[in-house]
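As a plain string of letters, each chain reads:
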Amino acid sequence: MKKIISILLLICICVSLFGCRAEKSGTADTDVSDIVESSANKTNNTDEAIVIRYNMGSAEGSTLDIGARYMGELLDEWTDGRITVEVYNSNALGSDRELIEALALGDLEMANIATGTVCNFSEAFKPLDLPYVVKDRETAYKVLDGEEGREVLDTLEASNIKGLSFWELGWRVLYNNIKEINTPADMKDVKIRTMENDIYLNLFNGIGAYAIAMSVSELYTALQQGTVNACENPIGAPYEGGYYEVVPYVSVTNHVYCACVSMISMDFWNSLSADDQELIVKADAMARDYCRNFCAEQEGEYYQKWIDAGGTVTYVDTDLWAEECSFVVDSYADEIDMDFVAALRGEK
């Protein structure tokens, strides 16, 4: 009874959060109760338990964590506990790159990783990490949930991984423990941690900073020890991870929309029945929408929480930043799909 009450409460929360966007989501326009009933009717008549280990780099309480736990609640309810999801935070099972490699090898069932690392395995994801390409969420959702987004996700199959959908962590912003950052010129000689991604390295080196590629699992300690004195990430994960203790200054640059990829090992996927595959796809889509709406709702609150914790939040001129960072897109024009870039910009 407690489990039923719990899932009903979660469903109510989910409906209230993304009801206003339901017509545009592609999956949320179907009544949730109908999905539950339909999925339950299609569940295999087998007692074999399935455990999905779902790992991510962000901390407990982040939007990815909350979305993954919601997905687990759905699957648990629909299958009477036959399919369960074990959520691992803060790269508990390995760095982002190691997690993707584990998926490819069939050593891990699921992971949710930012495109900045995923593009090391498929260059089709690169446009998503170019600065100031994505300008608003609604355009991003339309593209990523549509045919163009599916084509990009399908490129992961070459690495023995199935891309399920695009989740999000929000807009990437800057953090540092030196000074208030207002303009790109203020980044001169600042040691900043970036993902293992040449776009981010070129971006920050190009505006005068000293960019150092590093796993997020090493970042907090590196900031404490002064190996780096700045980083960039959406606000949710750093706040939940207590980063205001080591990098109190935040500059709201919104330089990249941080899309994340919900992925499943192809070996594990192929071991599932068609009914179980459908259950996972449906639960993932609902969790994706839940994650996105939670993220959008919480972003402003996180900035206030940062201030309340003693940090400083500076809202910069993003038009100036976009102009100063435009060289990055130009430098990749010959090696990326510029039609995809145009779609993300809302130009087609």
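Located above this text is the structure these notes cover.
This structure is a prediction, so every number in the text was calculated from the model and none was measured.

Conventions adopted
- Numbers given to residues run from 1 along each chain, matching the order in which its sequence is written.
- Totals for whole chains, interfaces and linings use all residues, but because this is a predicted model, local features are given only for residues with pLDDT of at least 70 and pairs of side-chain atoms are given and counted only at 80 or more.
- Note that the side-chain values use all heavy atoms of the structure and ignore hydrogens as well as water.
- A run of DSSP states H or I qualifies as a helix once it reaches four residues; a run of E qualifies as a strand once it reaches two. Both are numbered from the N-terminal end.
- Any two residues whose heavy atoms approach within 4.5 Å at even a single point are treated as in contact.
- Values of accessible area rely on a 1.4 Å probe in the Shrake-Rupley scheme; residue burial ignores everything except the protein chains shown.
- Pairs were defined over the aromatic rings of Phe, Tyr and Trp, the Trp ring being its six-membered one, requiring ring centres within 6.5 Å. Orientation was assigned from the angle between planes: stacked under 30 degrees, edge-to-face over 60, tilted for the rest.
- Relative accessible area decides the class of each residue, using a 1.4 Å probe on protein chains only: under 20% of the type maximum gives buried, over 50% gives exposed, and in between gives partly exposed.
- Structural elements are reduced to axes, namely lines fitted to C-alpha atoms, with helices fitted over the stretch in contact, and the angle between N-to-C directions of any two is expressed from 0 to 180 degrees.
- Any angle that falls under 35 degrees is termed roughly parallel, while one over 145 is termed roughly antiparallel, one within 65 to 115 roughly perpendicular, and all others oblique.
- Put simply, a crossing is left-handed when the front helix is turned counterclockwise from the back one by less than a right angle, and right-handed when it is turned clockwise.
- Any residue outside Ala, Val, Leu, Ile, Met, Phe, Trp, Tyr, Cys, Pro, Asp, Glu, Lys and Arg is labelled polar, Gly included; the first ten of those are nonpolar and the last four are charged.

### Examining the overall build of the protein
Consideration 1: Helix and strand content of the protein: 16 helices and 9 strands.
Consideration 2: Expressed as a percentage of contacts within the protein between residues at least 6 apart in sequence, the contacts between residues at least 24 apart total 78%.
Consideration 3: Accessible surface, the protein: about 14,300 Å² in total, of which carbon and sulfur atoms supply 46%.

### What about the packing of aromatic side chains?
Consideration 1: What the rule picks out here adds up to 10 aromatic pairs.
Consideration 2: Here the aromatic rings of Tyr 175 and Trp 306 are separated by 5.3 Å at their centres, their planes lie at 45 degrees, and the arrangement is tilted. Highlighted residues: Tyr 175 in strand E4 (residues 161-176) and Trp 306 in helix H13 (residues 274-308), separated in sequence by 131 residues.
Consideration 3: Classification of Trp 306 as buried rests on a relative accessible area of 0%.
Consideration 4: With a centroid separation of 5.8 Å and 85 degrees between ring planes, the pair formed by Tyr 244 and Trp 306 is classed as edge-to-face. Here Tyr 244, found in the loop between helix H11 (236-240) and strand E8 (249-265), pairs with Trp 306, found in helix H13; they are 62 residues apart in sequence, far enough to count as distant.

### Things to note about the packing of helix H7 (residues 137-144) against H13
Consideration 1: Contact geometry for H7 and H13: axes closest at 13 Å, N-to-C directions at 165 degrees. Regarding the angle of H7 to H13, the classification is roughly antiparallel. The chirality of how H7 crosses H13 is right-handed. Contact residues: Arg 137, Tyr 141 and Leu 144 in H7; Arg 292, Cys 295, Ala 296 and Glu 299 in H13.
Consideration 2: Looking at side-chain class alone, the contact of H7 with H13 contains 4 nonpolar, no polar and 3 charged residues.

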